[in-house]
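Now for the letters of each chain:
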Amino acid sequence: MNKLDALPNILLLGPGPSGTHPEVYRALTSPTLGHLDPVFISLMDELKGMLQQLTHTRNEVTFPVSGTGSAGMEAGFVNFIEPGDSVLVLINGVFGMRMKDVAERLGARVDSLEFDWGTPVDPEAVKARLATRSYDLVAVVHAETSTGVRNPLDEIAPLVRASGALFLVDSVTGLGGIPVTLDDWGVDVFYSGTQKCLACPPGLAPFSASPRAIKRLQNRRGKVPNWYLDLSMIVNYWAGEKRAYHHTAPINMIYGLHAAVRVILEEGEDAVIARHQSAHEALVTGLEDLGLELLVAPGHRLPMLNAVKVPEGVDEAGVRAAMLRDHGIEFGAGLGPLAGKIWRIGLMGHNARPEVVSRCLEALGACL
Ligand code: PLP
């Protein structure tokens, strides 16, 4: 038997991938066009415009990097950092740590400010550090998927902007579920991923770079040390009258992302954000009724990623296994210091709906 004909239909309530929207599935199966076909190029242009709209930016360099969120992270550092550059990474979870690793591999002098996992980045600490040292780039994760913390971008952004450093923001998990306002924040380098609140399979990293960042790229001392992610070449495919082949674009994934962003803009960004928030609130109420607590204090919680403390005496992995086996629902486990201590329940994109919350709570109650 062909295994693909017998795949289980799992309700994906982990940290991503989330469930794919039916319109996205439909788009993925549309006829594959050539990567220089004029119809495809007009679709690329439309997608760039919709990504600009969703991220609230006028940045011309706004397009999906080929690859998952990590490709976005690599592209974000490899293009704008050179050996010896000074970088500050604000860390309160796995993905902040990964950024530090990426920047160190490029030969940057990397400092970090670390905060307890489950708590947000403290803007006062950022302010104090930026008052004593200057950096070429400051990086932060907007929505820390490993802990369920929403970092206070509204407070951090003006501090970084005033310091003169380039500001790099990862919103792999935030985009499409909480506001992302690149130009208001003064973000210079941004990336996201398709498989969270955009309700599209993994495979692309929506990306944006400000004119200031592009100037930094143009004035580099040396070549970008990565051919595939070198923006100075990729932009010749994504912009201009005459498009130049760089690598073959993942055509059908681009259809999928086009549909995913269109669906969000048609529902309305505010409505989508409100839907994530109300699904989160319903989940929290239901979890509390089951006697469960969240890791993160109210006010710092991500609506789309709920870190739930595993009660004393409960088999963390056993509950996840039973949820999957008996109810067809996937939860995520804790990472690093939170392994065995939390479940990560994602209500992302198409799964941020009341009927999904009810199904989740009913199943979890039964498993507990
Ligand atoms: N950054 C954050 C905040 C993430 O949550 C993830 C993935 O979960 C990544 C980066 C890496 O993305 P990917 O796994 O799609 O490569």
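Since the model is a prediction, treat every value here as computed from it, not as a measurement. All residue numbers refer to position in the chain's written sequence, counted from 1. Under the rules for a predicted model, residues below a pLDDT of 70 receive no local features and side-chain atom pairs below 80 are neither given nor counted, while totals for whole chains, interfaces and linings still include all residues. No hydrogens and no water enter the side-chain calculation; it runs on all heavy atoms of the structure.

*Asks:* Hey, could you go over the overall build of the protein for me, with residue numbers and the actual values?
*Replies:* Helices and strands together make up the secondary structure of the protein, namely 13 helices and 14 strands. Computation of the radius of gyration draws on C-alpha atoms alone. For the globule rule, the value is 2.2 Å times the number of residues to the power 0.38. The C-alpha radius of gyration computed for the protein amounts to 20 Å, which stays within 12% of the reference 21 Å derived for 368 residues, consistent with globular compactness. Counting only C-alpha atoms and orienting by the principal axes, one finds that the protein spans roughly 60 × 55 × 35 Å. When accessible area is computed with a 1.4 Å probe and restricted to protein chains, residues below 20% of their type maximum are described as buried, those above 50% as exposed, and intermediate ones as partly exposed. Every one of the 368 residues in the protein was classed for burial, and the buried ones make up 56%. Here, two residues are considered to be in contact whenever any of their heavy atoms come within 4.5 Å of each other. Of the contacts formed within the protein by residues at least 6 apart in sequence, a portion of 72% connects residues at least 24 apart. Per the convention used, a helix needs a DSSP run of H or I reaching at least four residues, while a strand needs a run of E reaching at least two, with both numbered from the N terminus.

*Asks:* Could you give an account of the sheet that holds strand β2 (residues 61-66), naming the residues involved and the relevant values?
*Replies:* Through backbone hydrogen bonds, the strands of a sheet pair up, either in parallel or in antiparallel fashion. Spatial strand order, β2-β10-β9-β8-β5-β3-β4: seven strands in an open sheet with mixed pairing. With partners counted over all chains shown, the strands left at the sheet margins are β2 and β4 (109-114), one partner each. Taken pair by pair, the neighbouring strands of this sheet meet at an average axis angle of 20°, ignoring direction. A pair of strands counts as paired when DSSP detects no fewer than two bridges linking them. Of the strand pairs in this sheet, β2 and strand β10 (residues 204-209) are connected by six bridges, and their pairing is antiparallel. Counterpart to V61 in the pairing with β10 is A209. Lying over the sheet, helix α3 (residues 69-78) contacts β2, β3 (86-91), β5 (137-141), β8 (166-170), β9 (189-191) and β10, oriented at roughly 25° with respect to β10. Only the stretch in contact is used when a helix axis is fitted, and all axes are lines through C-alpha atoms; the angle between N-to-C directions ranges over 0 to 180 degrees.

*Asks:* How would you explain helix α13 (residues 354-367) if you had to name every residue and give the values?
*Replies:* By definition here, a helix of n residues has an expected span of 1.5 Å times n minus one. The end-to-end C-alpha distance of α13 is 20 Å, a good match for the 20 Å that 14 residues give at a rise of 1.5 Å each. Those residues of α13 that sit buried are V356, V357, C360, L361, A363 and L364. Its buried side turned inward, α13 meets β1 (11-12), α11 (269-289), α12 (316-327), β12 (329-330) and β14 (342-346).

*Asks:* Can you break down the packing of aromatic side chains residue by residue, with the values?
*Replies:* Only the six-membered ring of Trp is used, alongside the rings of Phe and Tyr, when aromatic pairs are assigned; centres must lie within 6.5 Å, and planes under 30 degrees apart are stacked while those over 60 apart are edge-to-face, with the rest tilted. Overall, the coordinates contain four aromatic pairs when judged by the stated rule. Between the aromatic rings of F40 and Y255, the centroid separation amounts to 6.2 Å while the plane-to-plane angle is 70°, which identifies the pairing as edge-to-face. With F40 in helix α2 (residues 38-55) and Y255 in helix α10 (residues 251-267), the pair connects residues that are 215 residues apart, well separated along the chain. Given the relative accessible area of 1%, F40 is considered buried. Judged by its relative accessible area of 9%, Y255 is buried. Taken together, the aromatic side chains of F63, F207, Y237 and W238 make up a single cluster linked through ring pairs.

*Asks:* Can you break down the domain arrangement of the protein residue by residue, with the values?
*Replies:* Residue ranges labeled as domains rest on an automatic or database domain assignment. Domain annotation for the protein reports domain 1 (9-17 + 268-367) and domain 2 (22-265). Once you take the C-alpha centre of each, domain 1 and domain 2 turn out to be 26 Å apart. Contact with domain 1, which involves 26 residues of that partner, is made by 28 residues of domain 2. Here domain 1 packs against domain 2, burying approximately 2,100 Å² in sum over the two surfaces, 69% of which is carbon and sulfur. Throughout, the accessible surface (probe 1.4 Å) given up by two parts as they are put together, summed over both, is called the buried area.

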